[in-house]
Amino acid sequence: MSHEKPAKHNFAAMTDAWTSMAQTLFESATAANRAAMSAMLAPGVSNGSDTETVAASIPSIDHSHLDWQFDRTVDDPAHISVGDTVTFEKVLSEDDVRAFAHVSGDTNRLHLDEEFAAGTRFGERIVHGTLVSGLISAALARLPGLTIYLSQDLEFSGPVGIGDRVSARVEIVEDLGNRQYRLETIIRNESEDATVINGEAVVLIDDMPEE
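Bear in mind the structure is a predicted one, so any value in this text is a computation, not a measurement.

*Asks:* When you look at the packing of aromatic side chains in this model, what are you seeing that I'm missing?
*Replies:* Geometrically, a pair of aromatic rings is defined through the distance of the ring centres and the angle of the planes. Considering all chains together, one arrives at 1 aromatic pair under this definition. On the numbers, 5.6 Å between centres and 75 degrees between planes, the contact of W68 with F88 is edge-to-face. Here W68, found in the loop between β2 (63-65) and β3 (69-72), pairs with F88, found in strand β4 (residues 85-91); they are 20 residues apart in sequence, far enough to count as distant. For the pair shown, W68 and F88 are each scored as buried. For the cation-ring pair, R142 lies above F70, with the distance from its terminal atom to the ring centre recorded as 5.7 Å.

*Asks:* How do you make sense of the pattern of salt bridges when you look at a structure like this?
*Replies:* Opposite charge on two side chains lets them pair, provided their charged atoms get close. Tallied over the entire structure, the rule returns 13 salt bridges. A salt bridge links E174 to R182, with the nearest nitrogen and oxygen atoms 2.8 Å apart. Note on E174: relative accessible area 32%, which makes it partly exposed. Here E200 makes a salt bridge to R182, at a shortest N to O gap of 2.7 Å. Pair noted here: E200 is in strand β8 (residues 194-206) and R182 is in strand β7 (residues 180-189), with a separation of 18 residues, a long-range link. With a relative accessible area of 35%, E200 lands in the partly exposed category. Salt bridges sharing common partners tie together E94, R98, E114 and R125.

*Asks:* Explanation requested: the pairing of β8 in the structure shown.
*Replies:* Sheet faces and side chains relate simply in a regular strand, where the side chains alternate between the two faces. Taken together, the 10 bridges between strand β5 (residues 146-156) and β8 define a ladder with antiparallel strand orientation. Among the inter-strand pairings, Y149 is bridged to a residue of β8, identified as V203. Following β7, the chain reverses through 4 residues before pairing antiparallel with β8; D193 in that reversal takes a positive phi of roughly 55 degrees.

*Asks:* I would appreciate a short explanation of the sheet that holds β7 in the present structure.
*Replies:* Sheet strands associate in pairs through backbone hydrogen bonding, adopting either a parallel or an antiparallel arrangement. Read from one edge of the open sheet, 6 strands run β3-β4-β6-β7-β8-β5, paired in antiparallel fashion. Each edge of the open sheet carries a strand with a single partner, namely β3 and β5. Between one strand axis and the next, the sheet turns through 20 degrees on average, direction left out of account. Strands β4, β5, β6 (165-177), β7 and β8 of the sheet are contacted by helix α6 (residues 129-140), whose axis makes an angle of about 145 degrees with β5.

*Asks:* What should I look at first to understand the confidence of the model for the protein chain in this one?
*Replies:* Low-pLDDT stretches of the model should not have their predicted coordinates read in fine detail. Across the protein chain, the average pLDDT comes to 81, with 69% of residues at 70 or higher. In this model residues 1-9 is a low-confidence stretch, pLDDT under 50, and it forms 8 contacts with partners more than four residues away in sequence or in other chains. Segment residues 23-57 is flagged for pLDDT under 50; beyond a separation of four residues in sequence, or across chains, it makes 65 contacts in the model.

*Asks:* Which parts of the structure should I look at to understand the nonpolar core?
*Replies:* Most often, soluble globular proteins keep nonpolar side chains buried together rather than apart. Judged by nonpolar contacts, the single largest core of 35 residues is most densely connected at L92, V132, I136, L140, L183 and I187. Within the residue set of this core, elements represented by two or more residues are β4, α3 (94-104), α6, β5, β6, β7 and β8. Each residue touching L140, except ones within four places of it in the same chain, is listed here: T147, Y149, V170, L183 and V203.

Basis of the calculations
Residues numbered from 1 in each chain as written. Predicted model: local features only at pLDDT ≥ 70, side-chain atom pairs only at ≥ 80, totals over all residues. Heavy atoms only, no water. Phe/Tyr/Trp six-rings, centres within 6.5 Å; stacked < 30°, edge-to-face > 60°. Helix = DSSP H or I, 4+ residues; strand = E, 2+ residues; numbered from the N terminus. Buried < 20%, exposed > 50% of the residue type's maximum accessible area, 1.4 Å probe, protein only. Lys NZ or Arg CZ within 6 Å of the ring centre and 35° of its normal. Salt bridge = Lys/Arg side-chain N within 4 Å of Asp/Glu carboxyl O. Pairing = 2+ DSSP bridges. Axes fitted to C-alpha atoms, helices over the stretch in contact; angles between N-to-C directions. Contact = heavy atoms within 4.5 Å. pLDDT = per-residue confidence, 0-100. Core = buried A, V, L, I, M, F, W, Y, C linked by side-chain atoms within 4.5 Å.

Written out as structure tokens, the structure is:
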């Protein structure tokens, strides 16, 4: 039995469906975000294009891909202050979803089986919510210094389709002292011009180790 893929203008209805379904938040977002980051950077896993791994332009990360985008307002860990932001953006591809399912063990058919997903309230496969939230970890990795996750709260308000371009924006909203900071964390589905995750994180920013 065939199913037509819903048009993009049905995103609002999908978002309403998602909101009514997403009543349980992640209790271990830190570990989940680490799994998502591992999937994104797993050796030998393609990101759906022929982009190659390149040397990092900043010392906060080891490598990146040419089609990933990021921007930040501060380059020196000693100058981090309230109002500083980092934004990280990438397409969440079929390969990302398959790799994350393998790394995390989350083989929910909603993310992997086209025919099964067509019969759900979303009408199509969607990206794992934890993979989407993993872009927050990617943004935090691009803060100057060595960022260590202490906590993360998340609220999901909409789905992300496979192949959508997604951005994560983190903003420092409070200096907690002892090199700890509270940040607002927002993820947007740029393909749909919609916010899909809101939350807050607390991080510790250490100096980078000497090489």
